[in-house]
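Report on the structure
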Amino acid sequence: MNIAMFTPLAPNWQHVHADWWQDDQGNRIHRVEIDDEALYHCYFAGSPLPWNAVATSLDEAIAVFDGNTA
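We now turn to the structure provided with this report. Since the structure is predicted, the reported quantities are computational estimates derived from the model, not experimental observations. (Residues numbered from 1 in each chain as written. Predicted model: local features only at pLDDT ≥ 70, side-chain atom pairs only at ≥ 80, totals over all residues. Heavy atoms only, no water.)

1. Structural notes on the environment of Gln25
Condition: For the purposes of this entry, the term helix denotes a DSSP run of H or I that reaches at least four residues, the term strand denotes a run of E that reaches at least two, and both are numbered from the N terminus. Type-normalised accessible area, obtained with a 1.4 Å probe on protein chains alone, sets the label of each residue: buried when under 20%, exposed when over 50%, and partly exposed for intermediate values.
When you line up the elements, Gln25 lands in the loop between β2 (20-23) and β3 (28-34). A relative accessible area of 58% places Gln25 in the exposed class. Distance in space between the C-alpha atoms of Gln25 and Ala45 is 7.0 Å, their sequence separation being 20 residues.

2. Section: the pairing of strand β1 (residues 13-17)
Within a regular strand, side chains alternate between the sheet's two faces. Threshold: We call two strands paired when DSSP finds no fewer than two bridges between them.
The pairing of β1 with β2 spans four bridges and is antiparallel. In the sheet register, Gln14 faces β2, and the bridge partner there is Gln22. Once β1 ends, the chain turns through two residues before running back antiparallel as β2.

3. What to know about the packing of aromatic side chains
Our working rule: Geometry of aromatic contacts follows a simple scheme: Phe, Tyr and Trp rings, the Trp one being its six-membered ring, pair when their centres are within 6.5 Å, and the pair is stacked under 30 degrees between planes, edge-to-face over 60, tilted otherwise. In this scheme, the term charge over a ring applies when either NZ of a lysine or CZ of an arginine sits within 6 Å of the ring centre and within 35 degrees of the ring normal.
Per the counting criterion, the structure on display carries three aromatic pairs. Consider the rings of Trp21 and Tyr40, whose centres lie 6.0 Å apart with planes at 45°: the pair is tilted. Here Trp21, found in strand β2, pairs with Tyr40, found in strand β4 (residues 37-43); they are 19 residues apart in sequence, far enough to count as distant. Ring pairing ties together the aromatic residues Trp13, Phe44 and Phe65, which thus form one cluster. Here Arg28 stacks its cationic end above the ring of Tyr43, 4.9 Å away from the centre of that ring.

Take a look at the structure:
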C-alpha cells in the first residue's frame, strides 16, 4: 500500500469519502490502487471523457485543476 503525505486541502475541495474528492466546480478526483500503486484519476466537470488526467499523488491531482502540472 502506498501512503502519500499531502498538504491540507484547499477550501474549495472536500473529501467526499475514502477515495473521492470533489471541488466546488464539480471536478472530481478518484484514487485507485493497482498492484499496490496509487493513481489519482482526474475528472473535469462536464467532460465526456472517462478521465482527463492521471496523477501519482493527491497534491499533483489538485494541481492539474489549478493549471499547474506539479
